[in-house]
Amino acid sequence: MAADDHHSHDHDHGSELSEMQARVRALETILTEKGYVEPAALDQIVENVETKIGPHIGARIVARAWVDPEFKGRLLADATEAVNALAGFDPVASHLIAVENTPTLHHIVVCTLCSCYPWSVLGLPPVWYKSFAYRARTVIDPKGVLADFGVTLPAETEIRIWDSTAETRFLVLPMRPSGTEGWSEEQLAELVTRDSMVGTGLATPP
């Protein structure tokens, strides 16, 4: 009987995945048939999300700042200019400000009114970033929010909140993990998480 139960579980799980795939394909078909989108446009959107936008873009920016003091200075002085000057990156349209975490200062980004987010360097915002709970609690209880994300800071660390707007977005420059001396830019980028660039996380230790 245990073998039959196990088989049934596998079958149900596979059906769930197939159902989701079927729904996505049906939605694509309907949108295409009604003339709302072109198949080529859908393909381009997927390619852009995978290659041109997303947290990996921000991770490359952070890693460059960790290994290149001159670029780091430019990033903190004018993040929009610094990012737009990098080859291979789509231009940042909105005003981008980079803020640096230090042993005594930690930054968290939130949008208290809606969900303004630096999509050009971090991709689409996670669901929790858009939630009312995150938007409300971050301002009044930032340490509690960090604890929810598994981050505990020293008691003396100052926490500074940055409120994104339609005109201004923020990118947190997390602290470089110790033990990464001599690492390449590509290796360092692997340690940079989306949450660490929002301020609700830290860079992954090696």
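For the structure, see preceding data.
Notes on the structure in this doc start here. (Residues numbered from 1 in each chain as written. Predicted model: local features only at pLDDT ≥ 70, side-chain atom pairs only at ≥ 80, totals over all residues. Heavy atoms only, no water.)

1. Here we look at the overall build of the protein
To keep things clear, this is the line we draw: Think of it this way: any DSSP run of H or I at least four residues long counts as a helix, any run of E at least two long counts as a strand, and we number them from the N terminus. Relative accessibility under 20% of the residue-type maximum defines a buried residue, over 50% an exposed one, and the middle range a partly exposed one, all with a 1.4 Å probe and only protein chains included. Two residues qualify as a contact provided that any one of their heavy atoms is within 4.5 Å of a heavy atom in the partner residue.
A count of helical and extended segments in the protein gives 11 helices and four strands. A total of 206 residues make up the protein; the buried ones form 34% of that total. Sequence-distant contacts, at least 24 apart, represent 66% of the contacts inside the protein between residues at least 6 apart.

2. As for the environment of Leu191
When you line up the elements, Leu191 lands in the loop between helix H10 (185-189) and helix H11 (194-198). Note on Leu191: relative accessible area 8%, which makes it buried. Here Leu191 is in contact with Pro177, Thr180, Trp183, Ala203, Thr204, Pro205 and Pro206, once residues within four sequence places are set aside.

3. Quick notes on the side chain of His106
Residue placement: His106 occurs in strand S2 (residues 105-110). Look past the residues within four positions of His106 in its chain and what remains in contact with it is Asn101, Leu146, Leu153, Thr157, Glu158, Ile159, Arg160, Gly199, Gly201 and Leu202.

4. Topic: the environment of Gly150
Tracing the backbone shows Gly150 in the loop between helix H9 (142-148) and strand S3 (158-163). It is 7.8 Å that separates the C-alpha atoms of Gly150 and Gly201, two residues lying 51 residues apart in sequence.

5. Considerations on the packing of aromatic side chains
Here is the rule: Working definition: rings of Phe, Tyr and Trp (its six-membered ring) pair if their centres are within 6.5 Å, and the pair is stacked with planes under 30 degrees apart, edge-to-face with planes over 60 apart, and tilted otherwise. Charge-over-ring contacts are defined here by two conditions on Lys NZ or Arg CZ: a distance within 6 Å of the ring centre and an angle within 35 degrees of the ring normal.
Overall, the coordinates contain six aromatic pairs when judged by the stated rule. A centroid spacing of 4.7 Å and a plane angle of 70° characterise the contact between Trp128 and Phe149, whose relative ring orientation is edge-to-face. Of the two residues, Trp128 is situated in helix H7 (residues 127-130) and Phe149 in the loop between H9 and S3; the sequence distance between them amounts to 21 residues. Ring plane angle 40° and centroid distance 5.7 Å describe the contact between Tyr129 and Tyr134, whose orientation is recorded as tilted. Tyr134 gets classed as buried once you look at its relative accessible area, which sits at 4%. Through pairs of rings, three or more aromatic residues link up here, namely Tyr117, Trp128, Tyr129, Tyr134 and Phe149. A cation over an aromatic ring shows up here: Arg64 above the ring of Phe71, its NZ or CZ 6.0 Å from the ring centre.

6. A few points about the layout of surface pockets
Threshold: We place a 1 Å grid over just the protein atoms. Points where a 1.4 Å probe fits but has no way out form a cavity, open points with protein on both sides within 12 Å along at least 5 of 7 lines form a pocket, and any residue with an atom within 4 Å of a point lines it. Grid points are joined across faces, edges and corners, and a volume is the space filled by probe spheres set on the points. Residues are sorted three ways: Asp, Glu, Lys and Arg are charged, Ala, Val, Leu, Ile, Met, Phe, Trp, Tyr, Cys and Pro are nonpolar, and all the rest, Gly among them, are polar.
Quantified by volume, the largest pocket comes out at close to 210 Å³. Lining the largest pocket we find 13 residues, and of these Thr102, His106, Leu153, Met175 and Leu202 sit closest to its centre. Among the residues making up the lining of the largest pocket, the classes are represented as eight nonpolar, four polar and one charged.

7. Some remarks on helix H3 (residues 55-67)
Stated precisely, the cut-off is as follows: Under the convention used throughout, the expected extent of a helix is 1.5 Å for every residue step, that is, one less than its residue count.
End to end, H3 covers 19 Å across 13 residues, agreeing with the expected 18 Å (1.5 Å per residue, within 8%). Looking only at H3, the buried set comprises Ile57, Gly58, Ala59, Ile61, Val62, Ala63, Ala65 and Trp66.

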